[in-house]
Amino acid sequence: MLSRRKKIVQAAFEKKKLHGVIARVGLVLDISGSMRSLYQNGAVQEVVDRILAVASKFDDNQTLDVWIYDNEFSRLLSVKENEIENYVQKHILNNDTIHKFGRNNEPLVMEDVIRKYTKEEPSEHPAFIVFINDGGVVKPTKKVIIDASVLPIFWQFIGIGNSEFELLQKLDEMEGRFVDNANFFHLNDISDISDELLYDELLNEFPEWLQAAKAKGIISI
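Structure report, in brief. (Residues numbered from 1 in each chain as written. Predicted model: local features only at pLDDT ≥ 70, side-chain atom pairs only at ≥ 80, totals over all residues. Heavy atoms only, no water.)

Some thoughts on the side chain of Ser 56
Phase 1 of the analysis: Here Ser 56 lies in helix H3 (residues 43–58).
Phase 2 of the analysis: A polar side-chain atom of Ser 56 sits 2.7 Å from the main-chain carbonyl oxygen of Ala 53. (Helix = DSSP H or I, 4+ residues; strand = E, 2+ residues; numbered from the N terminus. Polar contact = N/O pair within 3.5 Å; in protein donor to acceptor, adjacent residues only side chain to side chain.)

What to know about the pattern of salt bridges
Close approach of charged atoms lets side chains of opposite charge pair.
Phase 1 of the analysis: Using the criterion set out here, one finds 14 salt bridges in the structure.
Phase 2 of the analysis: Linking Lys 16 and Asp 200 is a salt bridge whose minimum nitrogen-to-oxygen distance equals 3.2 Å. Within this pair, whereas Lys 16 is found in the loop between helix H1 (2–15) and strand S1 (24–30), its partner Asp 200 is found in helix H8 (residues 195–202), the two being separated by 184 residues in sequence.
Phase 3 of the analysis: Residue classification places Asp 200 among the partly exposed positions, given a relative accessible area of 22%.
Phase 4 of the analysis: For Lys 143, the salt bridge identified is with Asp 147, shortest N-O distance 2.6 Å. Placement of both Lys 143 and Asp 147 in helix H6 (residues 141–147) is noted, with a separation of four residues, approximately one turn of the helix.
Phase 5 of the analysis: Classification of Asp 147 as partly exposed rests on a relative accessible area of 43%.
Phase 6 of the analysis: A single salt-bridge network, built from bridges that share partners, covers Arg 4, Arg 5, Glu 46, Arg 50 and Asp 195. (Salt bridge = Lys/Arg side-chain N within 4 Å of Asp/Glu carboxyl O. Buried < 20%, exposed > 50% of the residue type's maximum accessible area, 1.4 Å probe, protein only.)

A few points about helix H5 (residues 106–120)
Phase 1 of the analysis: Relative to the 21 Å expected for 15 residues at 1.5 Å per residue, H5 spans 20 Å between its end C-alpha atoms, a close match to the ideal helical length.
Phase 2 of the analysis: Looking only at H5, the buried set comprises Glu 106, Pro 107, Val 109, Met 110, Asp 112, Val 113, Ile 114, Lys 116 and Tyr 117.
Phase 3 of the analysis: Packing partners of the buried residues in H5 comprise S1, strand S2 (64–69), strand S3 (73–75), strand S4 (127–133), H6 and strand S5 (153–160). (Expected span 1.5 Å × (residues − 1). Contact = heavy atoms within 4.5 Å.)

Observations concerning the environment of Ile 221
Phase 1 of the analysis: If you trace the backbone, Ile 221 turns up in the segment after helix H9 (206–215).
Phase 2 of the analysis: Placed 199 residues apart in sequence, Ile 221 and Ile 22 show a C-alpha to C-alpha distance of 9.1 Å.
Phase 3 of the analysis: Among residues more than four places away in sequence, those in contact with Ile 221 are Glu 124, His 125 and Lys 214.

Describing the side chain of Ser 32
Phase 1 of the analysis: Along the chain, Ser 32 turns up in the loop between S1 and helix H2 (36–40).
Phase 2 of the analysis: Assessed through its relative accessible area of 5%, Ser 32 is described here as buried.
Phase 3 of the analysis: Sequence-distant contacts of Ser 32, defined by excluding residues within four places in its chain, comprise Tyr 69, Asp 70, Phe 101, Gly 102, Arg 103, Asn 104 and Asp 134.

Function-wise, these values are silent; they only describe arrangement.
Structure representation (structure tokens):
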């Protein structure tokens, strides 16, 4: 399955003119209480599987960095192709050291993502962050997005379910940013979208951000 998905990602890269682009890939997973059933029924594992295919084509070491968050956050073990099986069960559901199924608080985990890619592990390559959320983003998230617009990080938010996504739906209208550094799309059920459509949506605005970030000197390659 991963091999097939990697071919689909490659086709999406060629369509979006991303061939040869190197980016570090991170996945941020909402683990607030309303997400419980999606963890238990395997939907979140499917998300990790599908985003790993993107990391395997984008990332120079083919590694997907993973975070989870509710009102706290955890930076999890990064995952490679040979470590993907039962990742969610082993490293999230069976991990008693991490907080899960509380309320959501996006800024805390976003600040840790920024810390990793700009302070702890700076690189000439940008970061592409896939951020899964099932609604109710807290208002301070807006300031984090604006402040991060000068950084080599692109945020691709995916809303799942039927909750409110008011702040994320207004990303294209968000003023005060150095460049437009985020995109959002909504899926009622992430398991229902084909790989072809998912990767097409996922990579829709990243090429534009790359051009803008280069023009503004945020990235050099």
